[in-house]
Amino acid sequence: MECRLPFSLVVFCLVILSSTVRSELVISSVEKFVDLHSHIVRVVSFLKVENQGPYDVSEFVLAFPDAQAKNLATMLVIYLEEGKIIYSEFPTSSTKPKSKQSNMTFYPVTLPKKLEKGKTAGLDVYVVLTNLLKPLPKEITQAESQLLVYTDNIYYTSPYHIRNQSIVFRLPGRIESYSEYSEMRLVESELRYGPFEEQPPFSYSPVVVHFENNNSFAVASNFVQEIEISHWGNVQVTEQYTIIHGGAHLKNGFSRIDYQANPSMSGASSFRTLVARLPPMSHSVYYRDEIGNISTSHLRGDSQGTQLEMELRFPMFGGWKISFSIGYSLPLHDFLFESDAGNNVLNITFGSSIEEIVVENQIVRVVLPQGSKDISVKSRFPTKKSQELKYSHLDIVGRPVVVLEKDNVVPEHKRYFQVYIYYKFNNIFLLGKAMMLILGIFLLFLMCILYMHADLALSKTSSWEEETEGRK
Amino acid sequence: MATSKVEGSSSLRHAFGGVLSVFILLLIGVVAFSIRLFSVIKYESVIHEFDPYFNYRVTQFLSKNGIYDFWNWFDDRTWYPLGRVIGGTVYPGLTLTAGTMWKLANSLNIPLSVETVCVFTAPIFSAFAAWATYLLTKEVKGPGAGITAAAILAMVPSYISRSVAGSYDNEAVAIFALIFTFYLYIKTLNTGSLFYATLNSLAYFYMVCSWGGYTFIINLIPMHVLLCIVTGRYSSRLYIAYAPLVVLGTLLAALVPVVGFNAVMTSEHFGSFLVFIIIHVVALVYYIKGILTPRLFKVATTLVLTVGIAVCAVVVAILVALVASSPTKGWSGRSLSLLDPTYASKYIPIIASVSEHQPPTWPSYFMDINVLAFLVPAGIVACFLPLSDASSFAVLYLVTSVYFSGVMVRLMLVLAPAACIMSGIALSEAFGVLTRSMKFHITKYFECSHTEAPAKLGESTSTESSAPLENMTKSDTTEKPEVARKEKVARRKQKKEKELTENAHVKPVSAKKEKRPLVLPLEASIVSVFLLIVLGGLYVLHCVWAAAEAYSAPSIVLTSHSHDGLHVFDDFREAYAWLRHNTEVDDKVASWWDYGYQTTAMANRTVIVDNNTWNNTHIATVGTAMSSPEKAAWEIFNSLDVKYVLVVFGGLVGYPSDDINKFLWMVRIGGGVFPHIKEADYLKDGQYRVDAQATHTMLNCLMYKLSYYRFVETDGKGFDRVRRYEIGKKHFKLTHFEEVFTTHHWMVRIYKLKPQKNRIRGKSRKSKLGSKSTSSKSGGMTHKNPWN
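Where an unreviewed UniProt entry is consulted, chain B appears under the name dolichyl-diphosphooligosaccharide--protein glycotransferase, with the organism given as Rhynchospora pubera. A UniProt comment under Subcellular location (unreviewed entry) is attached to chain B, and it reads "Endoplasmic reticulum membrane".

The name given to chain A in an unreviewed UniProt entry is Dolichyl-diphosphooligosaccharide--protein glycosyltransferase subunit 1, with the source organism recorded as Rhynchospora pubera. The heading Sequence similarities (unreviewed entry) in the UniProt record of chain A holds the text "Belongs to the OST1 family." Under the UniProt heading Subunit (unreviewed entry), the note attached to chain A is "Component of the oligosaccharyltransferase (OST) complex."

Visitor: Summarise the overall build of chain A; cite the residues concerned and give the values.
Guide: A tally of helices and strands in chain A yields six helices and 31 strands. Taking 472 residues into account, the globule formula puts the C-alpha radius of gyration at 23 Å, and chain A, at 30 Å, lies well above it. Across its three principal axes, chain A shows a C-alpha extent of roughly 120 × 65 × 45 Å. Per-residue burial for chain A yields a buried fraction of 51% across its 472 residues. Total accessible area on chain A stands at roughly 22,800 Å², and carbon and sulfur atoms take up 55% of it. The averaged location of the 50 negative side-chain charges in chain A is 3 Å from the averaged location of its 45 positive side-chain charges.

Visitor: Outline the UniProt feature "transmembrane region" (unreviewed entry) in chain A, listing residues and values.
Guide: Within this structure's numbering, the places UniProt gives as "transmembrane region" (unreviewed entry) are residues 428-452 of chain A. With 92% helix and 0% strand, the stretch residues 428-452 of chain A has end C-alpha atoms that lie 36 Å from each other.

Visitor: Give me the nonpolar core: which residues, what numbers.
Guide: Inside soluble globular proteins, nonpolar side chains tend to come together where they are buried. All names here are of chain A. In terms of nonpolar packing, the biggest core is built from 210 residues, with Ile243 and Phe324 touching the most fellow members. Setting aside chain neighbours within four positions, we find phenylalanine 324 in contact with Glu239, Gln240, Tyr241, Ile243, Leu274, Tyr287, Arg288, Asp289, Ile294, Met310, Leu312 and Ile354. Counting residues in hydrophobic clusters, the runner-up holds 53 residues, among them Val30, Met75, Leu132 and Ile175.

Visitor: Got a sec to walk through the packing of aromatic side chains? Specific residues and values, please.
Guide: On inspection of all chains with the given rule, the structure shows 61 aromatic pairs over all chains. For the ring pair B:Phe572 and B:Tyr655, a centre distance of 5.8 Å and an interplane angle of 70 degrees mean the geometry is edge-to-face. Placement of B:Phe572 in helix H29 (residues 571-582) and of B:Tyr655 in the loop between strand E7 (642-648) and helix H33 (659-673) is noted, with a sequence separation of 83 residues between them. The exposure class of B:Phe572 is buried, given its relative accessible area of 2%. Assessed through its relative accessible area of 13%, B:Tyr655 is described here as buried. Grouped by ring-pair contacts, the aromatic residues A:Phe254, A:Tyr259, A:Phe314, A:Phe317, A:Trp320, B:Trp578, B:Tyr644 and B:Phe741 constitute a single cluster.

Visitor: Mind laying out the UniProt feature "domain: STT3/PglB/AglB core" (unreviewed entry) in chain B, listing which residues take part and the relevant values?
Guide: Residues given the UniProt feature "domain: STT3/PglB/AglB core" (unreviewed entry) here are residues 586-645 of chain B. Annotated as residues 586-645 of chain B, this span is 50% helix and 15% strand, and its ends, taken at the C-alpha atoms, are 14 Å apart.

Visitor: Tell me what's going on with helix H12 (residues 214-230) of chain B, and back it up with residues and numbers.
Guide: Residue and element names in this part refer to chain B. Under the 1.5 Å per step criterion, the end-to-end length of H12 is 24 Å for 17 residues, consistent within 8% with the ideal 24 Å. The buried fraction of H12 amounts to twelve of the 17 residues, a majority that puts the element mostly inside the structure. Turning to H12, its buried residues number three or more, namely Tyr214, Thr215, Phe216, Ile217, Ile218, Leu220, Ile221, Pro222, His224, Val225, Cys228 and Ile229. Looking at the buried positions of H12, the neighbouring elements they touch are helix H10 (170-191), helix H11 (194-210), helix H13 (236-253), helix H15 (270-291), helix H22 (389-407) and helix H23 (412-449). Directly after H12, the chain includes glycine 232, whose backbone phi takes a positive value near 75 degrees.

Visitor: I'd like a description of unusual backbone geometry, backed by residues and values.
Guide: Cis peptide bonds are those with omega within 30 degrees of zero, and the linkage from A:Leu136 to A:Pro137 qualifies with 5 degrees. Summarising the element assignment, A:Pro137 is placed in the loop between strand E8 (134-135) and strand E9 (139-140). Looking along the chain, the bond that leaves B:Tyr80 and enters B:Pro81 is cis, with omega of 0 degrees. Summarising the element assignment, B:Pro81 is placed in the loop between strand E1 (74-75) and strand E2 (84-85). Residue A:Asn252 is not a glycine yet carries a positive backbone phi of 70 degrees. By the secondary structure assignment, A:Asn252 is in the loop between strand E18 (249-250) and helix H3 (256-261). Given the relative accessible area of 57%, A:Asn252 is considered exposed.

Visitor: Summarise the interface of chain A and chain B; cite the residues concerned and give the values.
Guide: Contact with chain A, which involves 33 residues of that partner, is made by 38 residues of chain B. The interface formed by chain A and chain B includes five salt bridges. Where chain A touches chain B, the interface holds 19 residue pairs in polar contact (both at pLDDT 80 or more). For the side of chain A that touches chain B, the secondary-structure elements that each account for two or more residues are H3, strand E20 (283-289), strand E21 (292-293), strand E23 (306-316), strand E24 (321-331) and helix H6 (463-471) of chain A. Among the residues forming the side of chain A that touches chain B, the class breakdown is nine nonpolar, twelve polar and twelve charged.

Visitor: Would you mind going over the sheet that holds strand E31 (residues 418-424) of chain A in detail, with residue names and values included?
Guide: Residues and elements named next belong to chain A. Strand order in the open sheet made by the four strands is E25-E26-E31-E28, with antiparallel pairing throughout. The sheet is open, and its two edges are formed by strand E25 (336-338) and strand E28 (373-379), each paired on a single side. Each neighbouring strand pair of the sheet contributes to a mean axis angle of 25 degrees, computed without reference to strand direction. For E28 and E31, the ladder comprises five bridges, and the chain directions are antiparallel. Across the sheet, the residue bridging to valine 377 is isoleucine 421, located in E31.

Visitor: With reference to specific residues and values, describe the packing of H23(B) against helix H28 (residues 522-550) of chain B.
Guide: Two measures define how a pair of helices packs: the angle their axes make with one another and the distance between the axes. Residue and element names in this part refer to chain B. Two elements in contact, H23 and H28, have axes whose closest approach is 9 Å; the angle formed by their N-to-C orientations is 145 degrees. As H23 packs across H28, the resulting crossing turns out to be left-handed. Along the contact surface, H23 presents Leu427, Ala430, Phe431, Leu434, Ser437, Met438 and His441, while H28 presents Leu522, Ser525, Ile526, Ser528, Val529, Leu532 and Ile533.

Visitor: Which residues make up the confidence of the model for chain B, and what values go with them?
Guide: Residues and elements named next belong to chain B. On average, residues of chain B score 81 in pLDDT, and 84% of them are at 70 or above. The model gives residues 764-788 a pLDDT under 50, and that stretch makes 32 contacts with residues more than four places away or in other chains. For this predicted complex, the interface score ipTM comes out at 0.86, while the overall pTM is 0.84.

Criteria and thresholds
Residues numbered from 1 in each chain as written. Chains lettered and ligands numbered in written order. Predicted model: local features only at pLDDT ≥ 70, side-chain atom pairs only at ≥ 80, totals over all residues. Heavy atoms only, no water. UniProt positions renumbered as here; feature names shortened; annotations may be inferred. Helix = DSSP H or I, 4+ residues; strand = E, 2+ residues; numbered from the N terminus. Rg over C-alpha atoms; globule rule 2.2 N^0.38 Å. Buried < 20%, exposed > 50% of the residue type's maximum accessible area, 1.4 Å probe, protein only. Areas by Shrake-Rupley, 256 points an atom, 1.4 Å probe, with all protein chains shown as cover. Lys, Arg positive; Asp, Glu negative; His and termini not counted. Charge placed at Lys NZ, Arg CZ, Asp CG, Glu CD. Core = buried A, V, L, I, M, F, W, Y, C linked by side-chain atoms within 4.5 Å. Contact = heavy atoms within 4.5 Å. Phe/Tyr/Trp six-rings, centres within 6.5 Å; stacked < 30°, edge-to-face > 60°. Expected span 1.5 Å × (residues − 1). Salt bridge = Lys/Arg side-chain N within 4 Å of Asp/Glu carboxyl O. Polar contact = N/O pair within 3.5 Å; in protein donor to acceptor, adjacent residues only side chain to side chain. Nonpolar A, V, L, I, M, F, W, Y, C, P; charged D, E, K, R; others polar. Pairing = 2+ DSSP bridges. Axes fitted to C-alpha atoms, helices over the stretch in contact; angles between N-to-C directions. Left-handed = near helix turned anticlockwise from the far one by under 90°. pLDDT = per-residue confidence, 0-100.

Structure (structure tokens):
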């Protein structure tokens, strides 16, 4: 609320600057749903866009305040015409508006076909945001529930004029407090503001929701995934996590007796288990950390996938940290295909296998077999790419490693984003190591034979040998 | 013609026997390795217990920073604020071995983690130890006994207890080094080869690098040399076996930083130098005896004796005076407690407090060496038939190690190889006699049926072995005139026996058999063989059971079988993981010294004391803090910059080796340095208890409070499942500490020191002044901080 003044100033400037440029489009209605069930904020907006200008329009601009744009993990735009999905896109390129004071980020969306004059089209915008829920109070005791604050614009932030709009917050439980507006309704755990009529571009009025959320606030500050391809038919995946409970910090220490005596009351905001969904046919699963196995886990498998329920070494309270690694093997034929050009295509899913987790920094290292050539990577979102070499299992020239790095990864990345890695590999290299071992052992035996037959003694008449020979 | 035929067939047998024994040895190695994997299969591939964690940490450091940083490593994560010079105070053999193995694997691009290498070091070296036992016993009594001994050693429970996968301790490689050094000594003694003597020094060097037990070698070998000299068995081979070992070995030993000048300055090594002098005197005497006529020699002897005795008396007097001037007579505490078993309990409670330094009980002998205990006497008898240098060494080794194992249960480990060698000899001899008798009866039966001269067969055991035998004895007699000195002949005879056993590849007793044919009835021998096999089978069963059930628990993970299946207690790692991730990197954690190594290795936090109990005062400080009331303890800990206090508590789940059970040692060790802690204050009528009858001091000391804080809320009564009664003081609050973490089964509880409150200056000063003369009569009123 304290940011209201500068923010509205900026908005005011923006209104003046940009309204002239894009005035031909009007949003006839928008309904925005904000899902606050977990620590990942998911916003779905259903827009109806109308072209009132004299020209056909091919571009639509989505605007986000910087505070949101910075934490925007991913965004999906679905273009509907007469209720049918005809196009979907993940906008990734952002532009800053030309104004100097701007604290907005624009995401231009190219429409699949030009929106003709006077026509209306539907746009569904699905946005995933992280790090926007702030705990208040910042420190709680074990017995207290975790309360979070979410701040947003009650109006849909857009460079276009909006005729009719409403915003809905879906909350996991009790609401502590919320901004009061005349047009609002609280039904169970759904808080609805609106409808608001005829709002100019960049209208702004803050709305704050303070609510209880005890869902596991797992944030992986670091996640390294190593995928090792063996053309003998196996994919070995190793995932290393450093996980932090990102919610309100624990105050006054942890008392086991309270935690055990009344689990529902005490430590409501903590979490003890994490669930990882591994691909189907996963086998040889392990779960350990730097000091050994973590013996408390359950593994359930079916044709849909394998579910690994990991109990952490200790229950995670606010601000606590833990690190562990899981690993599993997969059959290669599910992930490796051959392209027309004779290339191998490796299809990997980006993102963590743990459910509902925010990954602040993910590094994927794909270790290709020794001797792979012509490596190229295709992905639908920007990642930092680099290549290095890794030596393991009697390698001589090393295995090429494709390193992909991305910040702010959410479960949606796993659902929608595939990474394709193209490379060439000659299967004759498979035999190389076996031949090497055979040769090595052969040489060893040869040396033994030579040594047994060679006489390395300088003189044959040492006193002791004389005696033994004399006896014969 | 006949001899060449026999030789041809015997060389074929020799080759076959060689291949077979190589194969058997290979299998023995596999058994030795795999019987130790129960811990990995039943639990996990993890480092065990306490000391191995330290070794693991050192190895990690070595593999990360290299050897030069390792020598100069000053560890500030332990013994805060003193620190510890690791490079100079650690036996580097184990870590260097594992580090080298890791480096080798990694240079071949075999991706093994340091942990994996460390876990499997002990099983690998057990296989080596089995092979070394084969070599040693082969030198003593021939290859048959060697293979039997190797097979027995591969699975002896005593050795398994110290070398299961994951028990990454010095003993893991030291036992191999010990046996191998002995082998090379015997080999040198048998061959007189300077090559083996040099190797022997190197093996000794490796042993010095590996374990403090090397003093056993450097005392046992001189004892044996002395024995040989006294029994008139001096020879140049003995000289070659001993003199280079002392010179080279001592020089090499002094290169190891942890030994350094101790190699010449402490009394443990004194015996070897004395014998070194003696052997030179004896060598001189023999030399002079050789060049002088007997009459002149007599004159010279009397002359030298008078002068020599005078000189010796002076030297001995000086030495005795020097040695006596040091309070421990130049011996280290641990060695002294070996010579005088009551020493440690009288003067150094910290040595006595370690459970593995206690004397063993009879059942533990049966547990650890099982049937070997019965076979050993037979082995000793076999060693005396005939007595050679090598077999006398084996007997001496056994006798001394039996004594040492009787003093400290830990040294059972030294006894195990000796017992295995003896049992191997016994079994092999027994089998030799029995199978020979069977063979004799069977051949006689066949010969009788073929109606051929049976009388001839009665003389020798078998036609095959008799021919080379006669051949050998003949060549021996022709050689005799060449040899001038008598005792050399004796040696050679003995050597020849050995040769013979190897060349003709018959059972070692066969040579002896010629002189005194021992033939048992067929039925008796069949039954005996059967019984021996049953005995061996029982031994194997026991060993497998011991390996699987008794000695494989890693002690950081506990399991219990209940009606609803296996239950895992992983509390230690839970606590260490919590410390590792949720405390500041530089926070200091205080706990009893048992958990020091684990805390530094697993939690990566600085500790005040650890299992390397080099500073008694520091440990006593922690002991004092634990046995002081809360406020005094807080002051001690605060002065040590401690942030967290960790206690191990078994009362909820019945884990008996918790801090409350160890508490009396804390009181004793603390009281040994800070006299205001008195053991009597914690005992009620001489009994240690924490129930309602416990003393006020006991119920108010920090350890009690930290262990039982809010314990009563678990069941409403505060029933302690280890002590099996309700605790004395149930409801109390902590004023200077706050609970920050307790593990799932309450086995580890971590408390944080509350920050200092604003206090009135005068009050704190008064308590400090008063502390000088406090006596803890009224319990709980002690305010002494040993650091002030």
